Amino acid sequence: MFLILLAALGGGMISTALLLPYGVLTAVMGAPLTASLCAAAAGAVIMLRRGNDWGADAAFDEATDDQTDAMVKMLRDIAAKGREIDADAKRPARDSKAA
């Protein structure tokens, strides 16, 4: 992703420099188009370099799925405790006899 961003920025700057002799408006209007084309080309190159793995997540692992499930369970437990504490805090206070 970082390489695609660099390609877009570089392409936009280079096209601006090349189109500047034809006018500022032309350079400003041409820069986003050229930047987008450079980003698309960089994405295509990255996709082709990955080969057949570009459509599948090569880094997926079953252990990662188990860790995610454990983390979601932990977060749900924390949220349930927070709701219990929040419900206790909203109870009306008893009138004090000392006052």
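Everything below is about the structure shown above.
Here we summarise the structure given alongside this text. If you're wondering where the values come from, they're calculated on a predicted model, not measured in any experiment.

### Things to note about the overall build of the chain
In terms of regular secondary structure, the chain is built from 3 helices and 0 strands. Moving toward the C terminus, one meets the helices and strands of the chain in the order α-α-α. Relative to its 99 residues, the chain shows a buried fraction of 10%. Surface accessibility of the chain: about 8600 Å² in total, with carbon and sulfur atoms responsible for 66%.

### Focus on the pattern of salt bridges
Per the counting criterion, the structure on display carries 1 salt bridge. Note that Lys73 is salt-bridged to Asp77, the shortest N-O span being 3.3 Å. Taken together, the residues Lys73 and Asp77, both in helix 3 (residues 62-89) and 4 residues apart, mark about one turn of the helix. The exposure class assigned to Lys73 is exposed, which follows from its relative accessible area of 54%.

### A few points about the packing of helix 1 (residues 2-19) against helix 2 (residues 24-50)
Where helix 1 contacts helix 2, the two axes come as close as 7 Å, and the packing angle between them is 145°. Both helix 1 and helix 2 take part in a crossing whose hand is right-handed. Packed against helix 1, whose contacting residues are Leu3, Ile4, Ala7, Ala8, Gly11, Gly12, Ser15, Thr16 and Leu19, the element helix 2 presents Thr26, Ala27, Gly30, Ala31, Thr34, Ala35, Cys38, Ala39, Ala42, Gly43 and Ile46 at the interface. Considering only residue class, the contact of helix 1 with helix 2 consists of 12 nonpolar, 8 polar and no charged.

### Concerning the side chain of Ser15
With respect to the secondary-structure elements, Ser15 resides in helix 1. For Ser15, a relative accessible area of 6% gives the class buried. Other than its neighbours up to four places away in sequence, Ser15 contacts Gly30, Ala31 and Thr34.

### What about the environment of Leu37?
Examined against the element boundaries, Leu37 turns out to sit in helix 2. Looking at Leu37, the relative accessible area reads 56%, which means it is exposed. Remark: the alpha-carbon pair of Leu37 and Gly12, spanning 25 residues in sequence, is separated by 9.4 Å.

Reading the values: rules and limits
Residues numbered from 1 in each chain as written. Predicted model: local features only at pLDDT ≥ 70, side-chain atom pairs only at ≥ 80, totals over all residues. Heavy atoms only, no water. Helix = DSSP H or I, 4+ residues; strand = E, 2+ residues; numbered from the N terminus. Buried < 20%, exposed > 50% of the residue type's maximum accessible area, 1.4 Å probe, protein only. Areas by Shrake-Rupley, 256 points an atom, 1.4 Å probe, with all protein chains shown as cover. Salt bridge = Lys/Arg side-chain N within 4 Å of Asp/Glu carboxyl O. Axes fitted to C-alpha atoms, helices over the stretch in contact; angles between N-to-C directions. Left-handed = near helix turned anticlockwise from the far one by under 90°. Contact = heavy atoms within 4.5 Å. Nonpolar A, V, L, I, M, F, W, Y, C, P; charged D, E, K, R; others polar.

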